[in-house]
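# Remarks on the overall topology
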Amino acid sequence: MTRSAQIAWWTQKFDSVRDQIVAAQVRRCRFDEDIVRARSTATPPTGSERAHEIIRGQSITGRRDEERSRRLPASSGGGGGGMVARREARSSSGIGSAGGAGSGAGAAIGRARQLAAGYQPAVVKVVSYAHGVARATATGQYVLREDVPLETHDGRVLADKQAVGDEIKAWSSAFALRAESQDVAALRMTLAGVRDTPEGRAIYGQAISAAFESHRHAYRLDATVAGELEARLVVAMAGLAKERLRVREHVADGEGLPRKQLDRSSQARITQRIAASTGLAPEALAISLSATGHGRDGAAYRLAKLIEAGPVSDDRGRTIANVVEARNAAREWGPSLRSQSARDTMHLIVSAKAGTDVEALRRAARSFLQDKFADHKFMFGVHTDKEAQGHIHAHAVIAVKNESGQKIHPSRETLREWRRAYAEHAQAEGLKIVATSARERASSQSYGPRDKAMVDAADRPQPSREARDRAYAADPVNSRMIDNARQRIATARTNPIRLAVSVPDRKVVNESVTAWRVVAGEQPRNEFAKEMFERLTMAQAVGNILGAIEKRVTHLTREKPDMAVTSQQMAKDLLVMNEAVSRTSDLLDGAAKQQFREASSRYLETLANRIDLQRASERGAQKMTRAEVAAIAGPNADRLIERANATRLSEGREAAAAARFADRAIGAERREEAAVRFDPTSQREIRTERAVVANAETSAAREAREAKAATEAARSLAQHPGERLSPALAQTDALARLRQEQEQIIREIEASESAEPQSQKGQHNSAGRGPRG
């Protein structure tokens, strides 16, 4: 493709997307005219949200809790009409398959017709798993709350906690005995010939950082009697993405007992990274594994053993010197361990909107469980205690292993199949429920019951367990999980348009746009159909723009030598892309606008970096000075500085809040002690208050350190954009991401200094420039 053809292609692509947006606006005006004419003869549906609120990503639930908006008209409650009602509903409305199963245009149109007719999306969620009799019994007794009797797989009724406990004991003979995951490893690493000198310690630090860059780790350097160094480490087996170090058992010649060691693949990755980072020969490296551990407790134990011989440093430059710091570090590592325990029971929820017929839901849940878990033992009960908040639901506790010994391992496809089956059984009972996905509705991801429970425990502790809930909220690790849960709930309340960023997302949205175009044409007076068509059209248009930008930037930044592009040509493309992003941003609002800007800015900044590097290369630059690196990193640093300042302000607010909480906790502890009561209950409350104070003070100190690190990171970026942030400043996930992004920018700049591509030499010669000096 010639250069002019490439520009023409891009212009045509942009014009096509812009025409789609304009066409959608024209169709909307036509629909508005139809509605105005229809209002003279018919009353429009009640409860519909305004289209501009949906398009602008403000709220599809009126800025109310998503659960509170789950309401059904009285006519859609269902009443056990069975298969007759199901067939009548399908024949009268022209709606597709009962469960909305299948893919393609026909199935998508069927699901759209059902949603337009008032059907609610099928909701099936896996809440948790339990291992062992005690945990499984606790889950079953939780489902029994509010005096709701449970029904078993064979039709028996469990009316009290004792009956639930006896049932779980009867299941326990099939519970798993498999080993837990190995989540942390204690390692010993030596680099042959590296002496105990400042330079030698720097080499070890560089080697450890390279080998375990994406893994949480802590280490200590010891000197041997020969004057050389060796490292003792505790390393999390799980890294970023799907990377995980593996352990295998090896029996050496002449040894009867197996010995654990890293497998060949893990050993090879570590060796390759150290060799590339330090230049040492692979033969100089030796790594041995002494022990492994499971979960946070295993990490805490291994870290405590590591510090017995002296303080250690972690991957973020912090010192761990005592058992308390080791325990806090292990809790911080927890989410990244990706620990897995044996699973004996699964806690599943199916739910429906408030107003749904309770008995019909009970029958639907029973038939769904008997269909999909026919060979599994289970118990279930229907709860209506959340009806005032917008929904009712059925809880089920299911034995993971079936009668044949096979286990449940639900994937995304499994959950889709469960939603389809649940919708089919619900429709058989006369309920208006259809299996659909958030992508089909351009709906932002909702929050789960665990998120709501965490926020409720922090904000509205139960009177019977107030001290325990306060201690939970004061825990430094839990506070971050609670903040993330609040963010997910806030997103669900506003429900901004979900942008079709990936190729699979765009495929689903394209099918949905086609489907809703058909339904909106069939039902011009249906405001919900019109709103969904507009919402999905916007998601499609924005997704196409992001896809076109991604494709073009990838092409320009991965040029082959025979397809050279000058910096001037790249700059023209960047200008066109910036204009497209600016015009599209004007059509969005709220979280959708922010999501689009963040997604597009990553591509545009990559191209801007490459343009600067290309210009330097075209000027004949052989080596970039620090000032030149800073000049190129500067525009990127502006964005990083903005994010660092936002992190600094956020960490400052968290530090102030933690300090206030610590003051309140100390005051509560003093009031409890002043009461001077000696009964066992009062003494337990005093011990709980002291634990709250200890956690609150730890949290306040930690938040203060993190706020200081965020301030220093913002200052460092502002003063020296081309210099790497110190690892010691990466004390939060946000700061760690900032440092990784800056590292990527600087590595890209430095990589361009090694050699000039052959294509650029051709450009210099063709442009009449002389050879480089």
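Look up: the structure comes first, before these words.
Quick notes on the rules
Going along each chain's sequence as written, the residues are numbered from 1 onward. In keeping with the model being predicted, local features are shown solely for residues with a pLDDT of at least 70 and side-chain atom pairs are shown and tallied solely at 80 or more, while totals for entire chains, interfaces and linings include all residues. Remark: hydrogens and water are excluded; side-chain values derive from all non-hydrogen atoms of the structure. At least two DSSP bridges between two strands are required for those strands to pair. Runs of E in the DSSP output that reach at least two residues are strands. Runs of H or I that reach at least four are helices, and both are numbered from the N terminus. When a residue's accessible area, from a 1.4 Å probe over protein chains only, is under 20% of the maximum for its type it is buried; when over 50% it is exposed; and in between it is partly exposed. Polar contacts here mean pairs of N or O atoms no more than 3.5 Å apart (in protein, one a potential hydrogen donor and the other a potential acceptor; neighbouring residues in sequence count only if both atoms are side-chain atoms). Working rule for contacts: check all heavy atoms of both residues, and any pair within 4.5 Å makes them a contact. Think of it this way: a Phe, Tyr or Trp ring, Trp meaning its six-membered ring, pairs with another when their centres are within 6.5 Å, and the plane angle makes it stacked under 30 degrees, edge-to-face over 60, tilted otherwise. The axes used here are C-alpha line fits, helices contributing only the stretch in contact, and every angle between their N-to-C directions lies in the interval 0 to 180 degrees. Relative orientations are named as follows: roughly parallel for angles under 35 degrees, roughly antiparallel for angles over 145 degrees, roughly perpendicular for angles from 65 to 115 degrees, and oblique for any other angle. In a left-handed crossing the near helix is turned counterclockwise from the far helix by less than a right angle, and in a right-handed crossing that turn is clockwise. Put simply, Ala, Val, Leu, Ile, Met, Phe, Trp, Tyr, Cys and Pro go in the nonpolar bin, Asp, Glu, Lys and Arg in the charged bin, and everything else, Gly too, in the polar bin.

## Some details on the sheet that holds strand S6 (residues 217-223)
Pairing is antiparallel in the open sheet, where 6 strands are placed in the order S10-S5-S7-S6-S11-S12. The two strands at the open ends of the sheet, each matched to only one other strand, are strand S10 (285-293) and strand S12 (319-320). Judged from the 6 bridges that link them, strand S5 (residues 184-191) and strand S7 (residues 229-236) form a sheet pairing that is antiparallel. Note on S7: the bridge partner recorded for alanine 186 is valine 234.

## Describing the side chain of asparagine 402
On the secondary structure map, asparagine 402 appears in the loop between strand S15 (391-399) and helix H12 (412-428). A relative accessible area of 11% means that asparagine 402 is categorised as buried. Of note is the side chain of asparagine 402, whose polar atom sits 2.8 Å from the backbone nitrogen of glutamine 406. With near-sequence residues (within four places) excluded, asparagine 402 lies in contact with Asp375 and His376.

## Here's the deal with the pairing of S6
Taken across its 7 residues, S6 has 5 buried, putting it largely inside the fold. The pairing of S6 with S7 spans 7 bridges and is classified as antiparallel. Bridge pairing in S7 links arginine 220 to arginine 232. Count of turn residues in the S6/S7 antiparallel hairpin: 5 residues, of which glycine 227 carries a positive phi of about 85 degrees. Relative to strand S11 (residues 312-314), S6 is paired through 2 bridges, and the arrangement is antiparallel.

## Examining the packing of aromatic side chains
Under the criterion given, the structure shown has 4 aromatic pairs. With a centroid separation of 5.2 Å and 65 degrees between ring planes, the pair formed by phenylalanine 373 and tryptophan 418 is classed as edge-to-face. Here tryptophan 418 lies in helix H12 and phenylalanine 373 lies in the loop between helix H11 (358-372) and strand S14 (378-383), a separation of 45 residues in the sequence. Relative accessible area serves as the criterion here: at 2%, phenylalanine 373 is assigned to the buried category. Take tryptophan 418: its relative accessible area is 5%, and that puts it in the buried class.

## Overview of the packing of helix H4 (residues 105-116) against helix H16 (residues 503-522)
Direction vectors running N to C along H4 and H16 enclose 50 degrees, while the axes themselves pass 8 Å from each other. As summarised for this structure, H4 and H16 are arranged oblique, according to the angle between their axes. For the pair H4 and H16, the crossing hand works out as right-handed. Each of Ala108, Ile109, Ala112, Arg113, Leu115 and Ala116 in H4 lies in contact with H16, whose residues at this interface are Glu511, Ala515, Trp516, Val518, Val519 and Glu522. Broken down by class, the residue content of the contact of H4 with H16 amounts to 9 nonpolar, no polar and 3 charged.

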